[in-house]
Amino acid sequence: MDCCCFWYVLSASPVLVFLSYLIFNKLFAPGQSPNLLGKHVMVTGGSSGIGLAVAQEVARLGAHVTLVARNQEKLVEAQQTVQATANKAKVLIRPFDVCSDGVEGMVADAETALGPIFMLVNCAGFSTPARFEDLSMQEVKRMMDVNFFGTFAVTQAVVRRMKQRSVSDSRERQGIVVLTSSQGGMLGIYGFTAYAAAKAALIKFAEALHMEVQTSGLSVTVSVPPDTDTPGFEKENVSKPTETRLVSETAGLFSAEVVAKSLVRDALAGRFYTTVGIEGFMLTTLCAGMGPITYFWDFFAQVFLTGVFRFISSFFLLNFDHIVRKEYAKRMNDKKRE
Ligand SMILES: NC(=O)c1ccc[n+]([C@@H]2O[C@H](COP(=O)([O-])OP(=O)(O)OC[C@H]3O[C@@H](n4cnc5c(N)ncnc54)[C@H](OP(=O)(O)O)[C@@H]3O)[C@@H](O)[C@H]2O)c1
Ligand SMILES: *[C@@H]1O[C@H](CO)[C@@H](O)[C@H](O)[C@H]1NC(C)=O
């Protein structure tokens with residue numbers, strides 16, 4: 001490229017940015033962020049970790065909350081915690097396994113008590129990290145069941161009702177759905193064969209759902225948390241293969257509050273992905289693919305940074321391979337000594 005052409009492109013880029021901004025605003029912008037005052041938010045997995053932090057955050061913003069989880073005692077404790085965060089919030093608890101029958105009834109009951117659900121946040125989920133050959137089919141099926149089918153079932157029951165109510169042609173957002181995937185659903189990590197598949201399935205589910213419900217004024221957001229300091233994380237940390245732990249640790253450990261705050265902010269903005277940290281930004285940018293365009297700066301980053309991030313990813317992948325080889329050598333040595 002001769003130097004004149006270089007300057008030409010450089011001076012044209014602000015114009016390109018401005019033009020893409022205009023196009024974005026005309027064709028894709030999800031409109032103003034709605035507010036949550038007096039609205040009903042349902043949080044599955046709301047009794048612990050990220051779900052509980054989300055419930056506190058939406059209650060702080062004036063919403064009424066339904067917490068869904070299996071264990072009644074944990075639910076009662078969580079109800080008090082959320083109530084203490086926002087004393088005016090109505091907090092309903094529903095002991096329910098997201099994999100069981102009767103989702104429609106559970107959702108209908110919650111709506112009778114607190115009004116139409118405006119926002120659904122699916123946080124119920126778990127992982128059992130283990131080497132491929134050590135996973136029992138029962139564990140594999142349970143991971144798919146809770147993380148994928150459970151999320152699918154609750155979302156279907158809620159979205160059916162949201163669509164029936166939705167006022168066509170309204171510029172205002174009619175409802176919000178959040179699915180909780182994982183950074184381990186964007187790249188396959190050692191020890192996460194089944195978990196990665198279940199969490200990746202949620203991403204394509206979300207893309208298809210987004211295209212389907214946009215005409216009803218609904219937005220879909222996928223949460224992509226890194227390692228987050230929660231009771232669930234502490235539990236899985238105990239049995240994790242060392243490789244799994246060392247690879248996922250490279251993205252750092254975040255608090256549930258930080259993850260929940262950005263989840264709520266991004267979901268209100270109608271942003272397709274929500275994550276925290278530099279690695280999260282790199283992953284969601286790299287994995288955007290043919291996903292929906294919902295947020296100008298994300299789109300901008302995807303267009304201009306994908307190639308650079310793919311280059312940088314080689315250093316991460318080399319490091320991951322190094323970790324896996326080192327641990328393998330260690331185990332072989334230990335075996336020899338026995
Ligand atoms: N923490 C992390 O590092 C991390 C990273 C990436 C993604 N995630 C994802 O984020 C979500 C929340 O994780 P967390 O760490 O906050 O977990 P957590 O502390 O273990 O909380 C999980 C919540 O889900 C509920 N739950 C589990 N199975 C359920 C079922 N079958 N039906 C209904 N409720 C169920 C639990 O209550 P009961 O047990 O009483 O049902 C609890 O309220 C999960 O989907 C997880 O995969 C977490
Ligand atoms: C996870 O477990 C390892 C030991 O296997 C420990 O060193 C580390 O501190 C634990 N991390 C958390 C956040 O509990």
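Shown above is the structure to which this text applies.
Since the model is a prediction, treat every value here as computed from it, not as a measurement.

(A) Main features of the site of ligand 1. Within the structure, ligand 1 sits among 31 residues, and S47, S48, R70, T228 and T230 are positioned closest to it. Within the side chain of K199, one N or O atom sits 2.9 Å away from an oxygen atom of ligand 1. Taking G232, its main chain carries an N or O atom lying 3.1 Å from an oxygen atom of ligand 1. For ligand 1, the accessible surface in isolation is 880 Å², of which the surrounding protein chains cover 91%. Counting only elements with at least two residues in the shell around ligand 1, the list comes to α2 (49–60), α5 (137–165), α6 (193–213), β7 (227–229) and α7 (231–239).

(B) Main features of the pairing of strand β3 (residues 91–95). Here strand β2 (residues 64–69) runs beside β3; their pairing, made up of five bridges, is parallel. Paired with A69 across the strands is P95, a residue of β3. On the question of chirality, the crossover connecting β2 to the parallel β3 by way of helix α3 (residues 72–85) is right-handed.

(C) Fine view of the site of ligand 2. Near ligand 2 the following residues occur: F233, N237, R245 and L253. Between an oxygen atom of ligand 2 and a side-chain N or O atom of N237, the distance comes to 2.5 Å. Relative to its free-state accessible area of 370 Å², ligand 2 is covered by the protein chains to the extent of 44%. Among the residues forming the shell around ligand 2, the class breakdown is two nonpolar, one polar and one charged.

(D) Expanded view of the layout of surface pockets. There is about 740 Å³ of room inside the second largest pocket. When contributions to the lining of the second largest pocket are tallied by element, the ones reaching two or more residues are α1 (3–27), α6 and β6 (218–223). Taken together, the residues of the lining of the second largest pocket break down into 10 nonpolar, 14 polar and six charged.

(E) Structural detail: the sheet that holds strand β9 (residues 273–274). With parallel pairing, seven strands are arranged side by side in an open sheet as β3-β2-β1-β4-β5-β6-β9. Edge strands, defined here as strands with exactly one partner in the open sheet, are β3 and β9. Of the strands in this sheet, β2 and β3 are in contact with α3, which crosses β3 at around 165°.

Calculation criteria
Residues numbered from 1 in each chain as written. Chains lettered and ligands numbered in written order. Predicted model: local features only at pLDDT ≥ 70, side-chain atom pairs only at ≥ 80, totals over all residues. Heavy atoms only, no water. Near = heavy atom within 4 Å. Polar contact = N/O pair within 3.5 Å; in protein donor to acceptor, adjacent residues only side chain to side chain. Areas by Shrake-Rupley, 256 points an atom, 1.4 Å probe, with all protein chains shown as cover. Helix = DSSP H or I, 4+ residues; strand = E, 2+ residues; numbered from the N terminus. Pairing = 2+ DSSP bridges. Right-handed = clockwise from strand over helix to strand, strands pointing away. Nonpolar A, V, L, I, M, F, W, Y, C, P; charged D, E, K, R; others polar. 1 Å grid on protein atoms, 1.4 Å probe; cavity = no way out; pocket = protein on both sides within 12 Å on 5 of 7 lines; lining within 4 Å. Points joined across faces, edges and corners; volume = space filled by probe spheres on them. Contact = heavy atoms within 4.5 Å. Axes fitted to C-alpha atoms, helices over the stretch in contact; angles between N-to-C directions.

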